[in-house]
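Structural description and commentary
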Amino acid sequence: MSQHIKQAAEKITVPKLLKMRQNGEKITMITAYDATMASLADEAGADMILVGDSLGMVIQGRKDTLGVSIEDVIYHTKCVARGVTRVHIMADMPFLSYQASYEEGVKNAGLLLKAGAESVKIEGGEEMADLVWYLNKIGIPVMAHVGLKPQSIHTMGGYKVQGKTKKDAEIILDDAKIMEEAGAFSLLLEGIPLEVAEQITRSVQIPTIGIGSGPHCSGQVLVCYDILGANPDFKPRFVKGYADLHEVVNRAFSEYIAEVKSGVFPGEEQSVHRDLVAVKAEEKKKS
Ligand code: KIV
C-alpha cells in the first residue's frame, strides 16, 4: 500500500463524499465485481467502487444489463466487500429489482446493504422520487442515475447520448433536481452533453459522477476493464484506457502455455525434492 493511502486510510462515507463535493475535490469511482479488483482499486486510492449491473456484460458475457438479477449483484457485492477497507462500496439495483413495486425496491436495497454495500444506485428520475425518499429515510443512501439509462435501452433505441435537444436536456435537469429534493445523496450522469452535465452540476449541491458526460462533473466513473484496456474491440469515445491488459494477459498466458507444452515449466525452482535423509531413515527402520 502506498504511503499516500496509509496516511489517508480513513473510510470514505457518504458525509465525506458530500464534503468532497463542497470542497470541489474530484471524486473517483471505479467499477469492481470481485475481491481482487476491488482491493486494487482501494489500494490505488479510488473514493468509490460501483458493483455495477455492467457485470451482466463484462462478467456474464451478456449483450446488455437487463438479465442481471438481485442475487447476482448481492453475490458480487459480498465478493467486493471482502476485498476492501477504505473505499466506499455502492451496489447497483438491477432491472426489475425496484420497478415493479415500492416494497420490492425497499427489500432489495436492504439486501444489498446486508451484503456489504454502503449505498445503492437506481436508474430513474421523477418516477423514482418516492422510493428514493423512503430509502433515504430508512438509512439507505441512494445515487440516482439519469441521462442515458442502460436499463431503458429499448425505449432509447440503443446506447444513445441523451439530452441533445433543449427539451430533452430540460427533462434530465428536472429529474436531477427532483432526485436531489427526494433525498438522493448523489447523481450519476451518463451519456449527456458536457454543457448539460455542467448545468446540472451547478444546479445541485450533491456530487455528480459522470460517464461520457464531460469534465464538469464532481467526479468520474469508468468500468475497471475499460480503464485497463482489457477489450481492444470496445473503444467508445468516452473511454480512456490507461493500460493494455489485453496485450499483457495475452503475452503471459501464451508464455505459460508454451512453457508447459515444451516442459520448461515447472522447473527445478518450482519443484521440491524428497528429504533423502528422512527416506533413508524410513528404509532403515523397515529393514
Ligand atoms: O453498471 C455500471 O457499471 C454503471 C456504470 C457504467 C456507471 O452503471
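What you see is a predicted model; the values in this text were computed from it and never measured.

**Some details on unusual backbone geometry**
Of note, the amide linkage connecting Phe265 to Pro266 takes the cis form, showing an omega dihedral of -5 degrees. Positive phi is not limited to glycine here, since Leu96 has a value of about 70 degrees.

**A word on the domain arrangement of the chain**
On domain assignment, one finds that the chain holds domain 1 (3-243) and domain 2 (254-286). Computed from C-alpha atoms alone, the centre-to-centre distance between domain 1 and domain 2 is 50 Å.

**Some remarks on the pairing of strand β8 (residues 219-222)**
Bridging between strand β1 (residues 27-31) and β8 involves four bridges; their strand directions are parallel. Counterpart to Met29 in the pairing with β8 is Val221. Relative to β8, strand β7 (residues 208-211) is paired through two bridges, and the arrangement is parallel. Opposite Gly210, over in β8, you have Gln220 as the bridge partner.

**Looking at the pairing of strand β3 (residues 88-92)**
Of all five residues in β3, five are buried; the element is thus mostly enclosed. Summarising the sheet, strand β2 (residues 48-51) and β3 pair through four bridges and their orientation is parallel. Among the inter-strand pairings, Met48 is bridged to a residue of β3, identified as His88. Bridge count between β3 and strand β4 (residues 119-123): three bridges; the pairing is parallel.

**Considerations on the pattern of salt bridges**
Note on pairing: side chains with opposite charge can pair once their charged atoms come close. Applying the stated criterion to the full structure yields seven salt bridges. Residue Arg251 is joined to Glu247 by a salt bridge in which the shortest nitrogen-to-oxygen separation is 3.1 Å. Of this pair, Arg251 and Glu247 both sit in helix α12 (residues 245-262), four residues apart, roughly one helical turn.

**Considering the side chain of Asp47**
Mapped onto the elements, Asp47 comes out in the loop between α3 (35-44) and β2. A polar atom in the side chain of Asp47 sits 2.9 Å from the backbone nitrogen of Thr28. The residues touching Asp47, leaving out its near neighbours within four places in the chain, are Ile12, Leu17, Met20, Lys26, Ile27, Thr28, Val87 and His88.

**Here we look at a nonpolar patch on the surface**
On the surface, a cluster of nonpolar side chains totalling about 630 Å² of accessible area is made up of Val248, Val249, Phe253, Tyr256, Ile257, Val260 and Phe265. By secondary structure assignment, the location of Phe265 is in the loop between α12 and α13 (276-286).

**Considerations on the packing of aromatic side chains**
Given two aromatic rings, their pairing is described by the distance between the two centres and the angle made by the two planes. Evaluated as defined, the whole model comprises three aromatic pairs. For the ring pair Tyr33 and Tyr225, a centre distance of 6.3 Å and an interplane angle of 10 degrees mean the geometry is stacked. Of this pair, Tyr33 sits in the loop between β1 and α3 while Tyr225 sits in helix α11 (residues 224-228), placing them 192 residues apart in sequence. A ring pair is formed by Tyr102 and Tyr134, whose centres lie 5.7 Å apart and whose planes are at 35 degrees; its orientation type is tilted. Highlighted residues: Tyr102 in helix α6 (residues 102-115) and Tyr134 in helix α7 (residues 129-137), separated in sequence by 32 residues. Owing to a relative accessible area of 31%, Tyr134 belongs among the partly exposed residues under this scheme.

**What to know about the site of the ligand**
Taken together, Thr31, Leu50, Gly52, Asp53, Ser54, Asp92, Lys121, His145, Leu188, Ile211 and Val221 make up the full set of residues near the ligand. Within the side chain of Lys121, a nitrogen or oxygen atom sits 3.0 Å from an oxygen atom of the ligand. For the ligand, whose free accessible area comes to 260 Å², the fraction covered by protein is 94%. Partitioned by chemical class, the residues of the shell around the ligand number four nonpolar, four polar and three charged.

**Let's talk about the sheet that holds strand β6 (residues 186-190)**
Spatially, β1-β2-β3-β4-β5-β6-β7-β8 is the arrangement adopted by the eight strands of the closed barrel, whose pairing is parallel. Neighbour to neighbour, the strand axes of the sheet diverge by 25 degrees on average, direction disregarded. As paired strands, β4 and strand β5 (residues 142-147) are joined by four bridges and run parallel to one another. From the neighbouring strand, Val120 faces β5, where its bridge partner is Val142. Along the sheet, helix α5 (residues 70-82) contacts β2 and β3; its crossing angle with β3, the most-contacted strand, is approximately 170 degrees.

**Details of the state of the cysteines**
The full count for this structure, using the stated rule, is zero disulfides. Sulfur of Cys224: no disulfide; nearest cysteine sulfur belongs to Cys79 and is 13 Å away.

How each quantity is defined
- Residues numbered from 1 in each chain as written.
- Predicted model: local features only at pLDDT ≥ 70, side-chain atom pairs only at ≥ 80, totals over all residues.
- Heavy atoms only, no water.
- Domains from an automatic or database assignment.
- Pairing = 2+ DSSP bridges.
- Helix = DSSP H or I, 4+ residues; strand = E, 2+ residues; numbered from the N terminus.
- Buried < 20%, exposed > 50% of the residue type's maximum accessible area, 1.4 Å probe, protein only.
- Salt bridge = Lys/Arg side-chain N within 4 Å of Asp/Glu carboxyl O.
- Polar contact = N/O pair within 3.5 Å; in protein donor to acceptor, adjacent residues only side chain to side chain.
- Contact = heavy atoms within 4.5 Å.
- Patch = residues over 30% accessible without salt bridge, like charges linked within 9 Å, V, L, I, M, F, W, Y side chains within 5 Å.
- Areas by Shrake-Rupley, 256 points an atom, 1.4 Å probe, with all protein chains shown as cover.
- Phe/Tyr/Trp six-rings, centres within 6.5 Å; stacked < 30°, edge-to-face > 60°.
- Near = heavy atom within 4 Å.
- Nonpolar A, V, L, I, M, F, W, Y, C, P; charged D, E, K, R; others polar.
- Axes fitted to C-alpha atoms, helices over the stretch in contact; angles between N-to-C directions.
- Disulfide = S-S within 2.5 Å.

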